[in-house]
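Next come the chains, spelled out residue by residue.
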Amino acid sequence: MAHDPVHAAVPPSAPAPEDALAGASRYDYWSGVVADLAVVAVLTSAAFLGAVWLDLSERINGWEVRNEAWQVDELPVTLLVLFSCLMWFSWRRTRQAQREVRERILADEQVVALLLSNRDLARQLILAQENERRALARELHDEIGQNCTAIRADATYILHARPGDGAGVTASAERIAATSERLYALVKQMLRRLRPMTLDSLGLVPALHELCEHWEEQTGVGCGFFPFAVPDRLDDPTCIAVFRLVQEGLTNVGRHADASQVRVELRGDANGRLLLSIEDDGRGMPAGGDLPAGFGLTGMRERVAGLQGQLRIGAGAGHGVRIEAELPALGAAA
């Protein structure tokens, strides 16, 4: 019977590569310990034999007696204390170095985790972008294409209508008008999905008012927006970040909270910061106390971190979920 060359090369009893590496590391460690102890033993023995051969203790005692006026006989105690202090100093520096190494390892692990999180976020962003493009393409093909075909058919009928067919022409014109209204509403909805027009024309506060009203109409959940001392003009990155945070927060409430009321507050403080809070009265935090790290919350954290802000998620006063974002107002727009 022919043998599989891959499985034949490694017998079943062969250790895994990780176990082999761990065994080699342990062997290197203990071999180093034995070598260092051997060096200590050799040097200690050589020092003892050298002291015996030179009668070192007797010579030192004679030298101390001859120099008693200088109190040199106190040097052994002083040197012993100095040696002990140096040992303590070395131990302290070793502990400090070990602590710094542990902190550096922890920081490296956090950097790796952040890189993996950012990579996953980038992948999800690309997927969301492609899904949005697919949805827009489908609406362009189905809705706009169908309505344009209807308009063209009615326009063709009007062009080739017989004289005296006023009723048919009027009906075709009415259908063209109704189809145009549907097209306008569809285009307006698509533009709102791409970028809110109110944000550019009227500013952040009216755009958030419109967003909350539109979301309330869609979901049937009450949504109140309360601005307090918000600067009239803010830079574009801050406006976009706040708008998208509210948009994503309301989306999460509509999907998961089972709430009856949402309160959105935007407040400017004396230090030039923007304080945003989104609180619902829904089912609240999960049993573990942490919301699942989905794409929406990850995107919210990345938006806030990109503006050097802070995002906090916790239980609300009404036992729902409260999302708080603290953003530096990156300067009022000129």
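Residues numbered from 1 in each chain as written. Predicted model: local features only at pLDDT ≥ 70, side-chain atom pairs only at ≥ 80, totals over all residues. Heavy atoms only, no water.

1. Details of a nonpolar patch on the surface
The following threshold applies: Within this analysis, patches are made of residues with over 30% relative accessible area and no salt bridge. Like charges are joined at 9 Å or less; nonpolar side chains (Val, Leu, Ile, Met, Phe, Trp, Tyr) at 5 Å or less. Methods summary: accessible areas were calculated by the Shrake-Rupley approach with a probe of 1.4 Å, and residue burial reflects only the protein chains presented. By convention in these notes, a salt bridge is any Lys or Arg side-chain nitrogen within 4 Å of a carboxyl oxygen on Asp or Glu. Put simply, DSSP H or I for four residues or longer makes a helix, DSSP E for two residues or longer makes a strand, and each gets a number counted from the N terminus. Each residue is assigned to one of three classes by its accessible area relative to the maximum for its type, calculated with a 1.4 Å probe on protein chains only: buried under 20%, partly exposed between the two thresholds, exposed over 50%.
The grouping of Val 187, Leu 191, Leu 194 and Met 197 at the surface amounts to a nonpolar patch, some 330 Å² of accessible area in total. With 3 residues, helix H5 (residues 166-194) is the largest single contributor of residues to the nonpolar patch. Here Val 187 lies in helix H5. For Val 187, a relative accessible area of 35% translates into the label partly exposed.

2. Side note on the layout of surface pockets
One simple way to see leftover space: roll a probe sized like a water molecule over the atoms. Our working definition: Lining residues are those with an atom within 4 Å of a point, where the points come from a 1 Å grid over the protein atoms alone and group into cavities, where a 1.4 Å probe fits but cannot get out, or pockets, open sets with protein on both sides within 12 Å along at least five of seven lines. Grid points are joined across faces, edges and corners, and a volume is the space filled by probe spheres set on the points. Under the convention adopted here, Pro, Cys and the residues Ala, Val, Leu, Ile, Met, Phe, Trp and Tyr are nonpolar, Asp, Glu, Lys and Arg are charged, and Gly plus all remaining residues are polar.
In this model, the second largest pocket occupies a volume close to 290 Å³. Counting only elements with at least two residues in the lining of the second largest pocket, the list comes to helix H6 (197-201), helix H7 (204-219) and helix H8 (236-257). Residue classes in the lining of the second largest pocket are distributed as 10 nonpolar, 2 polar and 6 charged.

3. Remarks on the packing of H7 against H8
To keep it simple, the criterion reads: To get an axis, fit a line to the C-alpha atoms, keeping to the stretch in contact for a helix; angles then go from 0 to 180 degrees between the N-to-C directions. Working definition: roughly parallel below 35 degrees, roughly antiparallel above 145 degrees, roughly perpendicular at 65 to 115 degrees, and oblique for all remaining angles. What makes a crossing left-handed is the near helix being turned counterclockwise from the far one by less than a right angle; a clockwise turn instead makes it right-handed. Only heavy atoms matter for contacts: two residues are in contact if any of them lie within 4.5 Å across the pair.
With their axes 10 Å apart at the nearest point, H7 and H8 run at an angle of 15° to one another. Judged by the angle between their axes, H7 and H8 are roughly parallel. Handedness of the crossing formed by H7 with H8: right-handed. In this structure, H7 uses Leu 204, Ala 207, Leu 208, Leu 211, Cys 212 and Trp 215 to contact H8, whose residues at the interface are Cys 239, Val 242, Phe 243, Val 246, Gln 247, Leu 250, Thr 251, Val 253 and Gly 254. Of the residues belonging to the contact of H7 with H8, the class tally is 12 nonpolar, 3 polar and no charged.

4. A few points about the nonpolar core
Spelled out, the test is: Residues enter a nonpolar core if they are buried and are Ala, Val, Leu, Ile, Met, Phe, Trp, Tyr or Cys, with the set joined through side-chain atoms within 4.5 Å.
One finds Leu 204, Leu 208, Leu 250, Val 264 and Leu 266 to be the most contacted residues of the largest nonpolar core, which totals 37 residues. Elements that contribute at least two residues to this core include exactly H7, strand E1 (222-228), H8, strand E2 (261-268), strand E3 (273-280), helix H9 (295-306) and strand E5 (321-328). Element by element, the count of residues in this core is highest for H8, at 10 residues. Apart from residues lying up to four places away in sequence, Leu 208 is in contact with Phe 225, Val 242, Phe 243, Val 246 and Leu 266. Counting 5 residues, the second largest nonpolar core, distinct from the first, contains Ile 144, Leu 183, Leu 186 and Met 190.

5. Here we look at a negative patch on the surface
Rule in force here: Positive charges are assigned to Lys and Arg, negative charges to Asp and Glu, while His and the chain termini are left out of the count. The atom standing in for a charge is NZ when the residue is Lys, CZ when it is Arg, CG when it is Asp and CD when it is Glu.
A contiguous patch of negative charge, built from Glu 210, Glu 213, Glu 216 and Glu 217, is present on the exposed surface. With respect to the secondary-structure elements, Glu 217 resides in helix H7.

6. Section: the pairing of E1
Here is the rule we go by: Here the rule is simple: two strands pair whenever DSSP picks up at least two bridges between them. The handedness rule is simple: strands pointing away from the viewer, and a clockwise path from the first strand over the helix to the second, make the crossover right-handed.
Where E1 meets E2, 7 bridges bridge the pair, whose relative direction is parallel. Paired with Phe 228 across the strands is Arg 267, a residue of E2. Handedness of the β-α-β unit built from E1, H8 and E2 comes out left-handed.

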